[in-house]
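# Overview (structure and organization)
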Amino acid sequence: MTGTVIRSTGSWYVVRMEDGTTIDCRIKGKFRIQGIRSTNPVAVGDVVDFDPEEERGVITKIHDRKNYIVRKSVNLSKKTHILAANLDQAILVTTVAQPKTLYGFIDRFLATCEAYDVPAIMVFNKMDIYGEEELAELEYMKAAYGRAGYQYIETSATEGVNLDAFHDLIKGKTSLVAGHSGVGKSTLINAVEPDLDLRTQRISDAHGQGQHTTTFAEMFQLSEGGAIIDTPGIRGFGLIDMEREEIGDYFPEIFELKSDCKFHNCLHLEEPGCAVKAALDDNKLAPTRYQSYFWMVTGNEDDNPYRQDNYA
Ligand SMILES: Nc1nc2c(ncn2[C@@H]2O[C@H](COP(=O)(O)OP(=O)(O)OP(=O)(O)O)[C@@H](O)[C@H]2O)c(=O)[nH]1
Ligand SMILES: [Zn+2]
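Rules used throughout
Per chain, residue numbering runs from 1 following the sequence as it is written. Throughout, the order in which chains and ligands are written sets their labels, letters from A for the former and numbers from 1 for the latter. Predicted model: local features are reported for residues with pLDDT of at least 70 only, side-chain atom pairs are reported and counted for 80 or more only, and whole-chain, interface and lining totals are derived from all residues. UniProt positions are given in the numbering used here, feature names are shortened, and annotations may be inferred rather than shown by experiment. By definition, any uninterrupted DSSP run of H or I lasting at least four residues is a helix, any uninterrupted run of E lasting at least two residues is a strand, and each is numbered from the N terminus. Exposed residues have 12 or fewer other C-beta atoms within 10 Å of their own C-beta, buried residues have 20 or more, and residues in between are partly exposed; the C-beta atoms are placed from the backbone. What counts as a contact is two residues whose backbone-derived C-beta atoms lie within 7 Å of each other. Where a domain begins and ends is set by an automatic assignment or by a domain database. Residue polarity follows a fixed list, in which Ala, Val, Leu, Ile, Met, Phe, Trp, Tyr, Cys and Pro are nonpolar, Asp, Glu, Lys and Arg are charged, and the others, Gly among them, are polar. Should the C-beta atom of a residue, placed from the backbone, lie within 6 Å of a molecule or strand, that residue is near it. Pairing between two strands is assigned when DSSP locates at least 2 bridges connecting them. Whether a crossover is right-handed comes down to one check: with the strands pointing away from the viewer, does the path from the first strand over the helix to the second run clockwise; if it does, it is right-handed. Axis lines are fitted to C-alpha atoms, over the contacting stretch for helices. Their N-to-C directions set the angle, which ranges from 0 to 180 degrees. Angle categories: roughly parallel below 35 degrees, roughly antiparallel above 145, roughly perpendicular from 65 to 115, and oblique for all the rest.

Naming follows an unreviewed UniProt entry, where the chain appears as Small ribosomal subunit biogenesis GTPase RsgA of Phaeocystidibacter luteus. The chain has a UniProt comment under Sequence similarities (unreviewed entry) that states "Belongs to the TRAFAC class YlqF/YawG GTPase family. RsgA subfamily."

Shown next as structure tokens:
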């Protein structure tokens, strides 16, 4: 039998079948998939074959993944943790205030999506509380991410602003919904899918252990088709290890400029004839985007000569 993994507690996987019923499954033996060193062999979103055994099942096969997204494992091993598989898109919910989402987090997240071929869309939530300063920063962000080619919407989950646009975004697709705690992910989703009641569902646990570990993602079906994958532990979204040379490829607007650099292997740091630095000087590249790039390449947060809060 075949189904989709909608939840995992580490040793158990809840598998949803076509007809909507679910079955608890475990895995037998070891799975080695596509050479990934991950702490979890099976992820939410995986399509699996299983043999039913009484009330429960044993996963025997994981179907090829269309894509998947990872984060660094929380423990210190070099392994990665697969957050979710078979995604149509990742929706990154951010806020300019209460709490302010930091550029470093946004840009690392987006770069990871690029690296794993998951289209990313941004939601700027809590529109209703922005004052003059926050609105100016929002304009800066829209320009910065628009230039990088990202689609975005502005919402207020509590005031009902642009919720139709948010609904249209998630309808019929499988979306990872990410963002720091408190940005309004649950409020947004509950506003367009009231029956889902994310919080209530999250607390119920098939095995009666109360609230299960929050580092695992969970998939919820949408009433009009599609599903969202909620990732409570996304706070710890660590950058996966990328080669210095490839990081620029995961910033679309930097990648676009690369062919104009004097050196084909330009890292856009101190090299002469760098088109990326020139674009930065000409105000054609958002300073915070370069700052995040610089930080990811050098590992150095402090020495960036372009560190500035310039939202003009
Ligand atoms: N003013 C304002 N408050 C909002 C908005 N959206 C959500 N909130 C509030 O922000 C707080 C956090 O919202 P949640 O939906 O729980 O945030 P979350 O992203 O799901 O947080 P976690 O579940 O911890 O990951 C709640 O008090 C919401 O009422 C909004 O658009 N405007
Ligand atoms: Zn360059």
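Turning to the overall build of the chain, a few remarks are in order. Assigned secondary structure in the chain consists of nine helices and 13 strands. The buried share among the 312 residues of the chain stands at 39%. By sequence separation, contacts in the chain at least 24 residues apart represent 63% of the contacts at least 6 residues apart.

Per the domain assignment, the segments making up the chain are domain 1 (2–66), domain 2 (70–236) and domain 3 (244–298). Facing the 12 residues of domain 2 at the interface are 12 residues of domain 3. When contributions to the side of domain 2 that touches domain 3 are tallied by element, the ones reaching two or more residues are helix 1 (103–115) and helix 2 (132–147). Grouping the amino acids of the side of domain 2 that touches domain 3 by side-chain chemistry returns six nonpolar, two polar and four charged.

So, on to the site of ligand 1. Around ligand 1, the structure places 16 residues, and the nearest of them are S181, G184, K185, S186 and T187. Considering each element in turn, the shell around ligand 1 owes the most residues, three residues, to helix 4 (residues 185–192). A per-class count over the shell around ligand 1 returns four nonpolar, nine polar and three charged.

What follows is about unusual backbone geometry. Of the consecutive residues Q98 and P99, the connecting peptide bond is found in the cis state with omega at -10 degrees. Summarising the element assignment, P99 is placed in the loop between strand 8 (89–95) and helix 1. In this model, D117 sits at a positive phi of 60 degrees, which is unusual for a non-glycine residue. Note on D117: 11 C-beta atoms within 10 Å, which makes it exposed.

Once that is clear, we can look at the pairing of strand 10 (residues 151–154). Here strand 9 (residues 120–125) pairs with strand 10 via four bridges, running parallel. In the strand pairing of strand 10, I121 is matched with Q151. Viewed along the sheet, the connection from strand 9 through helix 2 into strand 10 turns out right-handed.

As a further point, take the UniProt feature "binding site: Zn(2+)" (unreviewed entry) in the chain. When the UniProt feature table is mapped onto this chain, "binding site: Zn(2+)" (unreviewed entry) is found at C261, C266, H268 and C274. For C266, the position within the fold is in the loop between helix 7 (252–258) and helix 8 (275–281). Under the C-beta neighbour-count criterion, C266 is labelled buried, with 21 such atoms within 10 Å. The contacts of C266, once residues within four sequence positions are left out, are K258, C261, E271 and C274. Its location among the elements puts C274 in the loop between helix 7 and helix 8. Residues within four places of C274 in sequence aside, it is in contact with C261, C266 and H268.

We now examine the packing of helix 1 against helix 9 (residues 287–298). Contact geometry of helix 1 with helix 9 gives a least axis separation of 9 Å together with a crossing angle of 70 degrees. If you check the angle between helix 1 and helix 9, you find them roughly perpendicular. In contact with Y103, G104, D107, R108 and A111 of helix 1, helix 9 contributes T288, R289, Q291, S292, W295 and M296. Of the residues in the contact of helix 1 with helix 9, the class split is four nonpolar, four polar and three charged.

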